[in-house]
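Next come the chains, spelled out residue by residue.
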Amino acid sequence: MTGQRFDLVLFGGTGDLAARKLLPALYTRHRFGDIDAASQIVATARQNLSDKQFRALMREKVVPHVPKADYDDAAWQKFEAQVGYVGTDANNAKSFAQLRARLIDEPERARVFFLATAPALFTHICAHLAAAGCVTPATRVVLEKPLGRDLESSCAINNAVGAIFAEDRIYRIDHYLGKESVQNLLALRFGNAMFEPLWSRAWVRDVQITIAETVGAEGRGEFYDATGVLRDMIQSHLLQLLCIVAMEPPASIHPDAVRDAKLQVLRALKRFTPNEVATRTVRGQYKAGAVDGQPVPGYLDEPGIKPASHTETFVAIKADLGNWRWAGVPFYLRTGKRMQERRAEIVINFHNVPHAILDVSGSARTNNRLIIRLQPEDGLSLDIQAKTPGEGMRVQSVSLDLQFEDELKARRLDAYERLLMDVIRGRLTLFMRRDELEAAWSWVEPIMHAWAAAGEPPKAYTAGTWGPAASSALIGRDNLAWLEEA
Ligand code: BG6
């Protein structure tokens, strides 16, 4: 298979994201025949490297991140022959002439610039690309998060990039939107008639969205310390998941129909007053503990972290949506580093039956619950009440489980595999529009400001647990509990 021919230029080509995600994703799509043999990938960074040197570097840094089952040396050789390297310096306009010389001018060829660099460089890179004649009206630009650190800096980036690229040429990545289960949530909601009538305050008691990670600040302490989990995860991934759960059914899968529906959710999120920030949010920071049986240091002892840093590594929030569908339904969001398990899931808790006539004393829970699992596996489970075998009319909760990989016998695509091909094919549905991003910042900002004004340190939690006790208390005040069992 061939498909759309393209030139893809990867800024930050020697960086972590390129090595861990982007180049492995491109290799895999190449291996499965989705990349035209005349397409080229040009990595670029400050270093001066020849194509050959970059290919050697890829063998060292990228190959270890390719899933073993997908690696094949002959396939890798064919892939690397389509990858080149050009040194560019984002602060030096002249260095872009060389890059321009590498690009192939063909009307049908897609041209994509993927900016996997610090956002502070986005403005310079776009300006230099334009000045060097690299940007045609059909050229696309991909922006990796974080897009700014607050509303103002995000607007500044969007203005600068928008001066060169039209909005429908800008692909703002949130890789959670590329995950199989997130797409499946769209399929579940809009491909089945049975869920929609239940999908509102009439039947839903509460929604929980958790992204728990076992990793810590890793090798990026400095970046992380200046960012924190509110900016790194809530403002992007958790709010995007919330949008997909809560949005109205769009009229079509057209990018703007979906993005308009998501925007309505972001605009319906109630802004917190400083008092509400104190009662509806919990921020934590991990101290030394053990993850998967291995001792791990506390956040403050990780490399690159400022002494006595107040940066949060855990956040839990009780959010409310001010609209008819969701009025009064709490949306609990929770995410953190160094937690007990790597687990990402969306839990929809339905109300109890309005009138109980059965004996539920042996039941772990009495309400129906739908769980959409994103990590570690993609799956779906629906908890229902079933009769306990034997005499008497006693019921117990059982799970109807679906593991997508087993059931559908299909290869699981990494989020970046899907998103990169969507950019190349010009599909914008899974990328964030400017107004969405700005609405997300507007909701998060009062929380950042109230935390800064209060000046309190985050609550400590032991690495390898589910976060600070205050997080259980946040949901416990509503007589509910986080889903934490397996
Ligand atoms: C990134 C964050 O966007 O998402 C990281 O910057 C985080 O801090 C990562 O670890 C989580 O992604 P995933 O796909 O591994 O859950």
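Scroll up for the structure.
1. Structural notes on helix α6 (residues 151–162)
Line of reasoning, step 1. Spanning 12 residues, α6 covers 16 Å between terminal C-alpha atoms, matching the ideal 16 Å at 1.5 Å per step.
Line of reasoning, step 2. Of the residues making up α6, those classed as buried are Ser154, Ile157, Asn158 and Val161. Seen from one end, α6 has its buried residues packed into an arc of 95°, which puts them on one side.
Line of reasoning, step 3. Taken together, the buried residues of α6 touch α5 (122–131), β5 (140–143), β6 (170–172) and α13 (434–454).

2. Quick look at the sheet that holds strand β7 (residues 204–212)
Across a sheet, strands are paired by hydrogen bonds formed along the backbone, either parallel or antiparallel in direction.
Line of reasoning, step 1. On the basis of which strands lie adjacent, the open sheet formed by nine strands has the order β16-β15-β14-β13-β7-β12-β11-β8-β17 and mixed pairing. Single-partner strands in this sheet number two, and they are β16 (395–403) and β17 (459–462). Sheet twist, expressed as the mean angle between neighbouring strand axes with direction ignored, is 20°.
Line of reasoning, step 2. Each of β13 (343–350), β14 (369–375) and β15 (379–387) is contacted by helix α7 (residues 180–191), which is oriented at about 150° to β14, the strand it contacts most.
Line of reasoning, step 3. Running over the sheet, helix α8 (residues 221–246) touches β7, β11 (314–319), β12 (331–336), β13 and β14 and is turned about 140° from β12.

3. A few points about the packing of aromatic side chains
Line of reasoning, step 1. Tallying each qualifying case throughout the model produces 17 aromatic pairs.
Line of reasoning, step 2. Their ring planes at 35° and their centres at 6.0 Å tell us that tyrosine 27 and tyrosine 71 sit as a pair that is tilted. On the criterion of sequence distance, the pair formed by tyrosine 27 in helix α1 (residues 16–31) and tyrosine 71 in the loop between α2 (51–61) and α3 (73–80) is long-range, its members being 44 residues apart.
Line of reasoning, step 3. Given the relative accessible area of 26%, tyrosine 71 is considered partly exposed.
Line of reasoning, step 4. On the basis of an interplanar angle of 80° and a centroid distance of 6.5 Å, the ring pair of phenylalanine 195 and tryptophan 199 is categorised as edge-to-face.
Line of reasoning, step 5. Put simply, the rings of Tyr224, Tyr286, Tyr299, Phe314 and Tyr461 touch in pairs and so form one group of aromatic residues.
Line of reasoning, step 6. Here the basic side chain of arginine 31 rests over the ring of phenylalanine 32, its NZ or CZ set 5.9 Å away from the ring centre.

Definitions and cut-offs
Residues numbered from 1 in each chain as written. Predicted model: local features only at pLDDT ≥ 70, side-chain atom pairs only at ≥ 80, totals over all residues. Heavy atoms only, no water. Helix = DSSP H or I, 4+ residues; strand = E, 2+ residues; numbered from the N terminus. Expected span 1.5 Å × (residues − 1). Buried < 20%, exposed > 50% of the residue type's maximum accessible area, 1.4 Å probe, protein only. Arc of directions from axis to C-beta. Contact = heavy atoms within 4.5 Å. Pairing = 2+ DSSP bridges. Axes fitted to C-alpha atoms, helices over the stretch in contact; angles between N-to-C directions. Phe/Tyr/Trp six-rings, centres within 6.5 Å; stacked < 30°, edge-to-face > 60°. Lys NZ or Arg CZ within 6 Å of the ring centre and 35° of its normal.

By themselves, these observations are geometric and do not establish any function.
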